[in-house]
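Report on the structure
The primary structure of each chain is shown beneath.
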Amino acid sequence: MSDPVNRLAGAIESSPSPFHASATAAEALRTAGFIELDPAARWSHEAATGPAFVRRDGSLVAWTENRGRPTDGVRLIGAHTDSPGLRVRPNPDHGRLGWRQISVEVYGGALWNSWLDRDLRLAGRIAVERADGVESILVDSVHAVARIPQLAIHLDREVNSGGLRLDPQTHLTPVWGLGTPRSGDVARLLADLAEVPVGSVRSWDVGFVDAQAPARIGPDAELLASGRLDDLLCVWAGVEAIAAATAVNDAPVALLVLVDHEEVGSETATGAGGNLVLNVLERRHDALGATRADLLTALAGSVCLSADVAHAVHPNYPERHDPDHQILAGSGPAVKFNANARYATTAVGAAEFQRCAARVGVSVQHYSHRSDIPCGSTIGPLTAAGLGVETVDVGAPILSMHSARELVATADIDSLLSSFTAWMTTPLGRQA
Ligand code: ZN
């Protein structure tokens, strides 16, 4: 598995939910020598020195070994572990007319049509009551357990010419069997997956993902089709980059921030809009014997790369892109600019990323959204605002963003990884 594309595909397969994504990242970091710290315990000076990480639900913050002074700037990469999809409701056992179904809610800005007629895998975490409290357990059906069947064209004659119209309340309910729904059907499946008594399952955060594994496509295998490239591509590249940084002697302290809930606005306990990252940084500085002023001084000289996928120009819809910012698949990472701060890129942040990428021979593209189509956003603006750091929004160009299955050029996987590694390992220059 030395090929980056295979390593990425393996990481995505192991990450069917944000909770699995943070667990997969944790496993890779442990292999690279990072120590996991308990978020609910005091950290010793030795433990906080790193390389170490702390994980909470679908989020994780990691840092390389402490070097230099506590006021020295650090290099950050931030990415998000969640992807748009379908989440199972608390009373999910549903059905009628001879079908058993599972009641779901749409999570984030999913392209609804892309979820039709796909074999769906169920994954996430369940909360189990034990004698001494509540335990969170990861669950994953691995194989398909449900499907949302599209209405036949014979019953919807206008669908191709008039467009597909879907009501998320009534048209996106998966089927998973025949007969009459019984209360507790979904809980029984989740209990079986976790190998716990069904009576102990109290609640869950589980959802559906496409069961199809990532696949290379094309005569020259230049493309990778996969679910959740947004943003597991950047999560994976960030993990590999910080692991590589531990082996570089003159590298600055590197920080990796993986957060959940970006697709629903980030204003949660483990999202980029919460205090998780700053709290971890304050505790790390405190355990190292440094002050809060030292941390704020360090942040003033730090740089953050907000890593999220970008819109490659679509060959069938070139008019949907600004004509001077049509970024090409296979031509390297895109730096994303937005005058209204939907992306956090500053001129200095962009120049700093280009400086690092050039060191490893990676050329950079510039993305700017059309003014007559609302622009998406990333964790970049929230991170920049919350930490007060110089930030650049960067991502690999992909097609079909927020589809159940997205598309990326394998060349962009390679260039993203090498430019992220260069970002994490290049000594900090003057940011002025
Ligand atoms: Zn994203």
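Preceding this paragraph is the structure being described.
Attention in this report is confined to the structure presented alongside it. Keep in mind that what you see is a predicted model, and the values were worked out from it rather than measured.

The next point concerns the state of the cysteines. Inspection of every chain in the model, using the stated rule, returns zero disulfides. Its sulfur unpaired, Cys304 is 12 Å from the next cysteine sulfur, which belongs to Cys234. Free of any disulfide, Cys375 has its nearest neighbouring cysteine sulfur in Cys234, separated by 16 Å. Taking the relative accessible area as the measure of exposure, Cys375 reaches 14% and is therefore buried.

Tallying each qualifying case throughout the model produces two aromatic pairs. Considering the side-chain rings of Trp43 and Trp63, the 5.9 Å spacing of their centres and the 40° angle between planes classify their relative orientation as tilted. Here Trp43, found in the loop between β1 (35–37) and α3 (45–49), pairs with Trp63, found in strand β3 (residues 59–63); they are 20 residues apart in sequence, far enough to count as distant. Here Trp43 and Trp63 have matching classes, each one buried. When the ring of Phe353 is compared with that of Trp423, the centres are 6.3 Å apart and the planes differ by 50°; the resulting orientation is tilted. Here Phe353 is found in helix α9 (residues 347–359), whereas its partner Trp423 is found in helix α11 (residues 410–425), with 70 residues between them in sequence.

Looking now at the coordination of the zinc ion. Those donors, His80 (NE2), Asp230 (OD), Asp308 (OD) and Asp308 (OD), are the protein atoms that reach the zinc ion, and they lie 2.0 to 2.5 Å from it. Between consecutive donor residues of the zinc ion, the sequence gaps follow H-x149-D-x77-D. Highlighted residues: His80 in strand β4 (residues 75–80) and Asp308 in the loop between β14 (303–307) and β15 (310–311), separated in sequence by 228 residues. The exposure class of His80 is buried, given its relative accessible area of 1%.

A separate point is the pairing of strand β17 (residues 365–368). The side-chain alternation of β17 yields one buried face, formed by Gln365 and Tyr367, and one unburied face, formed by His366 and Ser368. Both strand β16 (residues 334–337) and β17 contribute to a ladder of four bridges, which runs parallel. Counterpart to Ala334 in the pairing with β17 is Gln365.

Okay, the sheet that holds strand β7 (residues 120–130) next. Neighbouring strands of a sheet are bound in pairs by backbone hydrogen bonds; such pairs are parallel or else antiparallel. Read from one edge to the other, the open sheet built from six strands follows the order β8-β7-β10-β5-β6-β9, with strand pairing classed as antiparallel. Each of the sheet's edge strands pairs with one partner strand only, and the pair in question is β8 (133–146) and β9 (175–178). Across the sheet, the mean angle separating the axes of adjacent strands is 30° when strand polarity is ignored. Contacting β5 (85–96), β7, β8 and β10 (201–210), helix α2 (residues 18–31) crosses the sheet at an angle of about 105° to β8. Here helix α5 (residues 185–194) sits on the sheet in contact with β5, β6 (99–107), β7, β8, β9 and β10, set at roughly 100° to β8.

A few words on the sheet that holds β16. Strand order in the open sheet formed by nine strands is β1-β2-β3-β13-β4-β14-β18-β16-β17, and the pairing between neighbours is mixed. The open sheet is flanked by β1 and β17, the only strands paired with a single partner. Along the sheet, successive strands turn relative to each other by an average axial angle of 25°, direction set aside. Two strands pair when backbone bridges link them, and β4 and strand β13 (residues 254–259) are joined in this way by six bridges, in the parallel orientation. Paired with His80 across the bridge in β13 is Val259. Relative to strand β18 (residues 390–395), α9 is tilted by about 55°, and along the sheet it contacts β4, β14, β16, β17 and β18.

Where helix α1 (residues 4–13) meets helix α6 (residues 229–245), the axes come as close as 10 Å, and the angle between the chain directions of the two elements is 120°. The way α1 lies across α6 gives a crossing that is right-handed. Of α6, the residues touching α1 (which contributes Pro4, Arg7, Leu8, Ala11 and Ile12) are Leu229, Leu232, Leu233, Trp236 and Glu240. Tallied by class, residues from the contact of α1 with α6 come to eight nonpolar, no polar and two charged.

Conventions used here
- Residues numbered from 1 in each chain as written.
- Predicted model: local features only at pLDDT ≥ 70, side-chain atom pairs only at ≥ 80, totals over all residues.
- Heavy atoms only, no water.
- Disulfide = S-S within 2.5 Å.
- Buried < 20%, exposed > 50% of the residue type's maximum accessible area, 1.4 Å probe, protein only.
- Phe/Tyr/Trp six-rings, centres within 6.5 Å; stacked < 30°, edge-to-face > 60°.
- Helix = DSSP H or I, 4+ residues; strand = E, 2+ residues; numbered from the N terminus.
- Donors = N, O, S within 2.8 Å, 3.2 Å for Na, K, Ca; no water.
- Pairing = 2+ DSSP bridges.
- Axes fitted to C-alpha atoms, helices over the stretch in contact; angles between N-to-C directions.
- Contact = heavy atoms within 4.5 Å.
- Left-handed = near helix turned anticlockwise from the far one by under 90°.
- Nonpolar A, V, L, I, M, F, W, Y, C, P; charged D, E, K, R; others polar.

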